[in-house]
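# Coordinate inspection notes
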Amino acid sequence: MLNKPTRALAFCIGAIASFQAAAWTNTEFYYTPQIPNLQTIIVNNPGFLSRNPTPGLNLLANSIVNTNSTMQPISPNVWSGYPWTGLDPVDRTENSQRALMLQSSQQPGYGSTIFQKDWYSVGMHLNTFEIPTLPGGQVLTSLQYRVDVDQPIWNTNDFLCMSGTMNIPTSYTEGAVNQVMMTMFFNDRTIDKSVVLNVMMFDSRYDWQVKDYMITDTDKAGANPPIAISHMQSQGQDNSRYSIPIPGYGNPLAAFERGSTIPGNRDRGFCIGIENFRNIINDARALQPSMGFSANPAAYDLKIALVGPETNISGGRGHIGMSVSSLWIYRRG
């Protein structure tokens, strides 16, 4: 077996190679996989687009850590998040996991909400059964592998892409709705307001309709950004208004899944071109004309990109686990 650094280098070389095909080349990288820091988990993000000053990778636990609970280190030898995330850290010390613990407990309860790290990989298990009430009376909670980018992106005609290797091994609900998505926040610097793109990877509802549409997030008082909804596509589909499959990608791309999960690491991702982005901002302008969004794509920066599980408990409870083995944000032309 290769040692850990060699395995990581071999993985990165293989991942880059899967991007390269024929005339397609990655022209610029905004983010390549980084080793996560579990000591700086951001708890209950205080604002919809609150700006974290640290560039690069940040891990967030949103609306899940109550005043009577904390994120505590726990060794995988006590219990591992593997049954829910598919990730079992090689490092068996408490440095590799942090789990939600009630103040009345001696250690995090088996199967609780957890973040894990294993070299570049991140495991996330979101469990809403253990929390009587979410902070602030929220019904929506999430864990996020978040990348703070803050870059102008439409100064070129290349495609803007986000992809990686991910596993969604577990999802269970008793009335809750579980989702996994990739998200990009675009900020119109002329008015300092944002447009959001959610590209869906998974939804626990078997009757979820796969279509593109624009909504307003009414759960975040005072923010209410327009949100474009799209879905992951495999090669040859390309029937979305807001996104496309990654051109020339060397491995099969996993398409959007619904109902039940299909465990296993698979390549997932999408790109948006200038016409896709024009559709996003034109639909945002039509939905919320009073916000004054610019029609000029060059007025927008990519502020934040993220991937993670999310649960809505308005109809009941649920839990969902996933792992992110790699994530890349880049231009492709």
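Residues numbered from 1 in each chain as written. Predicted model: local features only at pLDDT ≥ 70, side-chain atom pairs only at ≥ 80, totals over all residues. Heavy atoms only, no water.

Okay, the overall build of the protein next. Tallying secondary structure elements over the protein gives three helices and 18 strands in all. Across the 333 residues that make up the protein, the buried fraction comes to 56%. As displayed, the protein has an accessible area near 13600 Å², and 50% of this comes from carbon and sulfur atoms. (Helix = DSSP H or I, 4+ residues; strand = E, 2+ residues; numbered from the N terminus. Buried < 20%, exposed > 50% of the residue type's maximum accessible area, 1.4 Å probe, protein only. Areas by Shrake-Rupley, 256 points an atom, 1.4 Å probe, with all protein chains shown as cover.)

Core analysis: the largest hydrophobic core is formed by 70 residues, its most contacted members being F115, Y145, F186 and L327. The element best represented in this core is strand 11 (residues 193-203), accounting for seven residues. Grouped together as the second largest cluster of nonpolar side chains are eight residues, C161, I244, Y249 and Y330 included. (Core = buried A, V, L, I, M, F, W, Y, C linked by side-chain atoms within 4.5 Å.)

Let us now look at the state of the cysteines. Per the counting criterion, the structure on display carries one disulfide. A sulfur-sulfur separation of 2.0 Å characterises the disulfide bridge that pairs C161 with C271. Its S-S torsion of about 100 degrees marks the bond between C161 and C271 as right-handed, since a negative value means left-handed. Of this pair, C161 sits in strand 9 (residues 159-174) while C271 is found in strand 15 (residues 266-272), placing the two residues 110 residues apart along the sequence. As far as the burial class goes, C161 and C271 line up, both buried. (Disulfide = S-S within 2.5 Å.)

Take it as geometry only, folks, not as evidence of what the structure does.
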